[in-house]
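Chain by chain, the residues:
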Amino acid sequence: MGSNIGENQDDVPQELQLKGKKASSQTLKRHDSLDVEASKMPDAKKIVGLSVLLKLAFQSIGVVYGDIGTSPLYVFSSIFLQGIKHEDDILGALSLIIYTITLIPVVKYVFIVLQANDNGDGGTFALYSLICRFSKVGLIPSTMAEDNDVSTYKLDMPDRRTRRASSLKSALENSEFAKFFLLIATMLGTSMVIGDGVLTPCISVLSAIGGVKAAAPEVMTESRIVWLAVAILIFLFMFQRFGTEKVGYTFAPILCLWFVLIAGIGVYNFALYDLTIIRALNPMYIVSYFERNGKEAWISLGGVVMCITGAEALFADVGHFSVRSIQISMCFVTYPALILAYLGQAAYLMKNADDVANTFYASIPKSIYWPMFVIAVLAAIIASQALISGTFAIIQQSLALGCFPRVKIVHTSTKHHGQIYIPEINNLLMIACVLVTIGFKTTEKLGNAYGIAVVFVMFLTSCFLVLVMILIWKTHILLIIAYVLIIGSVELAYLSSVLYKFEQGGYLPLAFALFLMFVMYVWNYVYRKKYHNELVNMISPEKVKETMEETSSHRLPGLAIFYSELVHGIPSIFKHYVENVPALHSVLVFTSVKSLPISKVPLEERFLFRRVKPYDLYVFRCVVRYGYNDMRNEEEPIENLLVERLKHFIREDYKFSIAANGDNQGETASLIEKDVDMLERAFNMGVVHLVGEQDVVASKGSSVTKRMVINYAYNFLKRNLRQSNKVFDIPTKRMLKVGMTCEL
């Protein structure tokens, strides 16, 4: 039992395994914390009642759909920047809008992509974690065989394995380039979604406030509109700390009213101006639109794509709610309201083509203009919520997988663990939104930037989804080809169009994404280097006694929990500690807090223990496993949970010894009582948390790039962000940091 966690530590003689009728049918198995209760499933898998489902669907309207729901504010004006040249162009544009909304948000996201959630959580990193689970493409060598036994780690999959899935899996696992490329692509997608979270509030608020300028241009100048938008944005980000649930319940009624009103105005305009606008359901109008306008029609796709802004939020925000609740709210509220709104606007333009630059406000009946303006501003504020919540979710995932610097995760709901708030990210997003709004000033320039962020993330999601289809779902090859040819080609067409406007503002999301990717890559690069260094220099459990004897360590009463990032053994920093402080507590637990690429780990499966021989050392190793959506130390301190699970391990460990070696039960019971009593006395004497902190520097002879990355970029991030004790809420009065410098 002294071997490393993750290796085969249960080397039971074969004759014992085969002893007796019962043992002959199955291998004698160690009954300790590695025995999982497969029936314990995560919250995401619970079947929720209809009332809860409808409440979540209602909340989702206020959080998820603000962005896509407010797109009628600017879509037609974004398509026809040079005005309408032919009446049938309106039909062609409307047809493009209808089929784009149907194909991307509804067919792709609601009915396909949402099925690729990771135990209820969505986003780029959720797709990446699924792929990592089915093929060994992760770059951190912390995988343990026992992790595969966690009940939430298992996925339903077909029994029949296809040759196609096996060959792709093998190709990914044997290619270092493929592993690196997948990680970089994941970081890029994450960065673009965060960039989307910056641009969404800016363009939505500016578009809504544009109604004042349309009604009173002499009062609302461009500069006044910009500063009013800034004030609204600051208020919005200050509101985030109240959490998704309160935000959802506050905003949902407003957005429901918004959808009712735009649908009603759409029906009114449809009936008043042109009932024949329904002709746009014929896709041939799209063909004739491109035949008439050629390159201009292709460029206008950058405006059409604005009708699906926020579609990625359907997936990124699913962890805050549930798949079924998103499907209900999209199909029964959002989709029909949007289609009616665009039908009404197109009908209005058939008779008032000159008003295309201000289609939304011009098509509102004068009697409800100002009430509608107020609702539009409120809806635009809410529109920002979708990507802000999505940004929090994906940063939490990237943080847990070692791809983002440490930040504090605040869980804002005890009922729905996916509802979170990240103070540092919220403040950074607010500053970025204010600067972008002041810098760009108009929705036209912002639209060029916005389109690239929107389409790029969608296309990247499709690429990951194809891998999931092949590796995990074992989808029929014809269906995969159909997906690529239909949805993939449409997204490529939109991507080529928005990239055309790169110099006109499209560079912003790419520049922002590159900056974020640099931060993420620097952190992940050094994280991996540190881990490999610790892995090479770790102390084997057999060397612990030798190290303690060499340094003449004395034992003090009490329990010491020694934290490190290493999950496969005892870190080298322990030897450094003993050499300088030759005194150890009576019970010592080497603990590493490990994040699994899954959303949640049930509490009874969270702690993984091994005992270091000889038993009278009272030295244990422990891996505390979390999913990226688990709450850490908020309901109960980690030391209380750890001690309770350690007692359970001690009892089960001795029971295994009886079964494997035929030990005397009476003597073993005495030993159990003695060890549990020793643990309780040490716990009552006091707990000290020893946190291993390694300062890193580039080794001598390293390249200039490596020195810049490690010595300056990484250490700057480390100094200015949260330390591990703040992330895991370790009490400062009982914490002792053990530091050493290592060369990478």
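Thresholds applied
Residues numbered from 1 in each chain as written. Predicted model: local features only at pLDDT ≥ 70, side-chain atom pairs only at ≥ 80, totals over all residues. Heavy atoms only, no water. Axes fitted to C-alpha atoms, helices over the stretch in contact; angles between N-to-C directions. Helix = DSSP H or I, 4+ residues; strand = E, 2+ residues; numbered from the N terminus. Parallel < 35°, antiparallel > 145°, perpendicular 65-115°, else oblique. Contact = heavy atoms within 4.5 Å. Nonpolar A, V, L, I, M, F, W, Y, C, P; charged D, E, K, R; others polar. Pairing = 2+ DSSP bridges. Right-handed = clockwise from strand over helix to strand, strands pointing away. Expected span 1.5 Å × (residues − 1). Bend = angle between axes of the 7 residues up to and from the residue. Core = buried A, V, L, I, M, F, W, Y, C linked by side-chain atoms within 4.5 Å. Buried < 20%, exposed > 50% of the residue type's maximum accessible area, 1.4 Å probe, protein only. Polar contact = N/O pair within 3.5 Å; in protein donor to acceptor, adjacent residues only side chain to side chain. pLDDT = per-residue confidence, 0-100. Phe/Tyr/Trp six-rings, centres within 6.5 Å; stacked < 30°, edge-to-face > 60°. Lys NZ or Arg CZ within 6 Å of the ring centre and 35° of its normal.

Colleague: What exactly am I supposed to notice about the packing of helix α13 (residues 295–304) against helix α20 (residues 477–499) here?
Modeller: It is the contact of α13 with α20, at a shortest axis distance of 8 Å, that shows an interaxial angle of 95°. Between α13 and α20, the angle is such that the two are roughly perpendicular. Within the contact between the two elements, α13 uses Trp298, Ile299, Leu301, Gly302 and Val304 and α20 uses Ala493, Tyr494, Ser496, Ser497 and Val498. Grouping the constituent residues of the contact of α13 with α20 by class yields seven nonpolar, three polar and no charged.

Colleague: Is there a simple way to explain the packing of helix α10 (residues 222–239) against helix α18 (residues 423–440) in this structure?
Modeller: The relative placement of two packed helices is expressed as an angle between their axes plus a distance between the axes. With their axes 10 Å apart at the nearest point, α10 and α18 run at an angle of 170° to one another. With respect to α18, the element α10 is oriented roughly antiparallel. Across the interface between the two elements, Val226, Trp227, Ala229, Val230, Leu233, Ile234 and Phe237 from α10 touch Asn426, Leu429, Met430, Cys433, Val434, Thr437 and Ile438 from α18. Here the residues of the contact of α10 with α18 are counted per class, giving twelve nonpolar, two polar and no charged.

Colleague: Honestly, the pairing of strand β3 (residues 554–564) in this entry has me stumped. Any pointers?
Modeller: Successive side chains on a regular strand alternate, one facing one side of the sheet and the next facing the other. Sheet topology places β3 next to strand β4 (residues 583–595); nine bridges connect them, and they run parallel. In the strand pairing of β4, Ser564 is matched with Ser592. After leaving β3, the chain enters helix α23 (residues 573–580) and then returns to the sheet as β4, a path that is right-handed. Looking at chain direction, β3 and strand β7 (residues 687–697) are connected through five bridges and run parallel. Paired with Ile561 across the two strands is His689, which belongs to β7.

Colleague: Looking at this model, I keep getting lost on helix α15 (residues 323–351). Mind explaining?
Modeller: Given 3.6 residues per turn, any residue in an α-helix points the same way as the ones three and four places further on. If you check α15, its first and last C-alpha atoms are 41 Å apart, about what 29 residues at 1.5 Å a residue would give, namely 42 Å. At Met330, α15 is deflected by roughly 45°, the largest bend along its length.

Colleague: Please clarify how the environment of Glu743 should be interpreted in this entry.
Modeller: With respect to the helices and strands, Glu743 occurs in strand β8 (residues 735–743). When the C-alpha positions of Glu743 and Ser699 are compared, they lie 4.8 Å apart, and in sequence the two are 44 residues distant. Among residues more than four places away in sequence, those in contact with Glu743 are Asn533, Val697, Ser699 and Lys700.

Colleague: Where do I start with the nonpolar core in this structure?
Modeller: Among soluble globular proteins, nonpolar side chains are generally buried collectively. Of all hydrophobic cores here, the largest spans 165 residues; its most connected members are Tyr65, Ile97, Trp258, Tyr342, Phe360 and Tyr361. The biggest single contributor to this core is helix α19 (residues 443–473), with 19 residues. Among the nonpolar cores identified, the runner-up in size contains 29 residues, and Ile561, Leu642, Val643 and Ala682 belong to it.

Colleague: What is the right way to read the side chain of Ser702 from this model?
Modeller: With respect to the helices, strands and loops of the structure, Ser702 is situated in the loop between β7 and α26 (704–720). Within polar-contact distance, the side chain of Ser702 engages the backbone oxygen of Ser699 at 2.6 Å. Residue contacts for Ser702: discarding those within four places in its chain leaves Arg707 and Leu744.

Colleague: Could you clarify how one ought to interpret the sheet that holds strand β6 (residues 619–626) in this entry?
Modeller: To summarise the sheet geometry, strands pair through backbone hydrogen bonds and adopt either a parallel or an antiparallel arrangement. With respect to topology, six strands assemble into an open sheet ordered β5-β6-β4-β3-β7-β8, the strand pairing being mixed. Only two strands of the sheet have a single partner each, and these edge strands are β5 (607–612) and β8. Taking the axes of each pair of neighbouring strands and ignoring which way they run, one obtains an average angle of 25° across the sheet. When β5 meets β6, the two strands line up antiparallel, connected through six bridges. When the bridges of β6 are listed, Arg610 appears paired with Arg621. Sheet strands in contact with helix α21 (residues 507–537) are β7 and β8, and its direction is about 110° off that of β7.

Colleague: Mind showing me how you'd approach the pairing of β7 here?
Modeller: Most of β7 is tucked away: eight of the eleven residues are buried. Note that β7 and β8 share nine bridges and pair parallel. Across the sheet, the residue bridging to Asp695 is Thr741, located in β8.

Colleague: Explain the confidence of the model for the protein chain here, please?
Modeller: Low-confidence regions, as indicated by low pLDDT, have predicted coordinates that should not be scrutinised in detail. Model confidence for the protein chain is summarised by a mean pLDDT of 78, while 81% of its residues fall at 70 or above. Under a pLDDT of 50 for its full length, residues 1–46 has, in the predicted model, 93 contacts with residues more than four places off or in other chains. When the criterion is pLDDT under 50, residues 156–161 qualifies, and its contacts beyond four places in sequence or with other chains add up to seven contacts.

Colleague: Sorry, what's going on with the packing of aromatic side chains here?
Modeller: Geometry of an aromatic ring pair is reported as the spacing of the ring centres plus the angle between the planes. One pass over the structure, following the stated rule, counts 21 aromatic pairs. Their ring planes at 65° and their centres at 5.4 Å tell us that Trp298 and Tyr500 sit as a pair that is edge-to-face. Of this pair, Trp298 sits in helix α13 while Tyr500 sits in the loop between α20 and α21, and the two are 202 residues apart along the sequence. On the basis of relative accessible area, Tyr500 is assigned to the partly exposed category, the value being 38%. Aromatic side chains Phe562 and Phe574 sit 6.3 Å apart centroid to centroid with 80° between the ring planes, which places their arrangement in the edge-to-face category. Taken together, the residues span a long stretch of sequence, with Phe562 in strand β3 and Phe574 in helix α23 at a distance of twelve residues. By the ring-pair criterion, three or more aromatic residues cluster together here, those being Trp258, Phe360, Tyr361, Tyr369, Trp370 and Phe373. Taking the ring centre of Tyr615 as reference, the NZ or CZ of Arg611 above it sits at 4.3 Å.

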